[in-house]
Amino acid sequence: MSKQIKQLLTNELQSKFNGISEFIVLDITGIDGIANNQLRDKLLSKKVKVTMVRNAMMRHAMKALNMPSAMDLFVTGSCSVAFGGESVVDLAKELDAISKEIPIKFKGAYVEGTALDEQGAKNLVTMKSRVELQGEVVML
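Residues numbered from 1 in each chain as written. Predicted model: local features only at pLDDT ≥ 70, side-chain atom pairs only at ≥ 80, totals over all residues. Heavy atoms only, no water.

**Student:** Any details on the pattern of salt bridges? Residues and values, ideally.
**Tutor:** Under the definition given, this model contains four salt bridges. The partner of K42 in a salt bridge is E101, and the shortest N-O contact between them spans 2.3 Å. Residue K42 is located in helix α2 (residues 33-44), and its partner E101 is located in the loop between α4 (88-99) and β4 (105-111); the two are separated by 59 residues in the primary sequence. E94 is paired through a salt bridge with K46; the nearest N and O atoms lie 3.9 Å apart. Taken together, the residues E94 in helix α4 and K46 in the loop between α2 and β2 (48-53) connect sequence positions 48 residues apart. For K46, a relative accessible area of 44% gives the class partly exposed. (Salt bridge = Lys/Arg side-chain N within 4 Å of Asp/Glu carboxyl O. Helix = DSSP H or I, 4+ residues; strand = E, 2+ residues; numbered from the N terminus. Buried < 20%, exposed > 50% of the residue type's maximum accessible area, 1.4 Å probe, protein only.)

Structure, rendered in structure tokens:
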């Protein structure tokens, strides 16, 4: 791939992730086209997008977007990025529910300037969402 094409793809990633402060990095290797479409269809109804990225280009995009800690999430292996929805906790819960049917694996997460490893991303599933926390405050 030529340097100009790599730069164009990096710029595209920069524009796509500009303003996004929370996302989950997934490994979706091994799923077939039908399962991939089912995954994206389920997430689309929750206003979540999944993008497969090249690690080197994503590291350059994260550096340009001033997210240096997110660069560590894109080192090895196949990476897909899920973003959008109400919050990253809701996204993690939805992905965990889907992972029981479709074999997807958490690789990490980026939440408000902090990169989480695989276990940290899985721990997001057990956290309370923003709506649940607001409900508790109202009840108090």
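**Student:** Can you explain the packing of α2 against α4? Please cite residues and give values.
**Tutor:** Closest axis-to-axis distance for the α2/α4 pair is 11 Å, and the angle between their directions is 145°. Classified by chirality, the crossing of α4 by α2 is right-handed. Counting all contacts with α2, which are made through L39, K42 and L43, the residues of α4 involved are E94, L95 and I98. Looking at side-chain class alone, the contact of α2 with α4 contains four nonpolar, no polar and two charged residues. (Axes fitted to C-alpha atoms, helices over the stretch in contact; angles between N-to-C directions. Left-handed = near helix turned anticlockwise from the far one by under 90°. Contact = heavy atoms within 4.5 Å. Nonpolar A, V, L, I, M, F, W, Y, C, P; charged D, E, K, R; others polar.)

**Student:** Account for the sheet that holds strand β5 (residues 114-116), naming residues and giving values.
**Tutor:** Ordered by their spatial adjacency, five strands build an open sheet running β2-β3-β1-β4-β5, and the pairing between neighbours is antiparallel. Two strands close off the open sheet at either side, each with one partner strand: β2 and β5. Within the sheet, the average angular offset between the axes of one strand and its neighbour, ignoring direction, is 20°. (Pairing = 2+ DSSP bridges.)

**Student:** Summarise the side chain of D27; cite the residues concerned and give the values.
**Tutor:** Take D27: it is sitting in strand β1 (residues 22-27). Put simply, D27 is tucked away with no salt bridge, and the nearest opposite charge, on K105, sits 4.1 Å away. Within the local environment of D27, its side chain forms a polar contact with the side chain of T29, the two groups lying 2.9 Å apart. Residues in contact with D27, not counting those within four places in the same chain, are S78, P103, I104, K105 and K107. (Lys, Arg positive; Asp, Glu negative; His and termini not counted. Polar contact = N/O pair within 3.5 Å; in protein donor to acceptor, adjacent residues only side chain to side chain.)

**Student:** Before we move on, could you go through the nonpolar core and cite the residues and values that matter?
**Tutor:** Formed by 24 residues in total, the largest nonpolar core has its most connected members in I24, L39, L95 and F106. If you list the elements that add at least two residues to this core, you get β1, α2, β2, α4 and β4. In this structure, L95 is in contact with I24, L26, L43, A82, I104 and F106, ignoring residues within four places of it in sequence. The next biggest cluster of nonpolar side chains, apart from the first, holds 19 residues, and it includes F17, A61, L65 and L73. (Core = buried A, V, L, I, M, F, W, Y, C linked by side-chain atoms within 4.5 Å.)

Taken by themselves, the reported measurements are silent on function.
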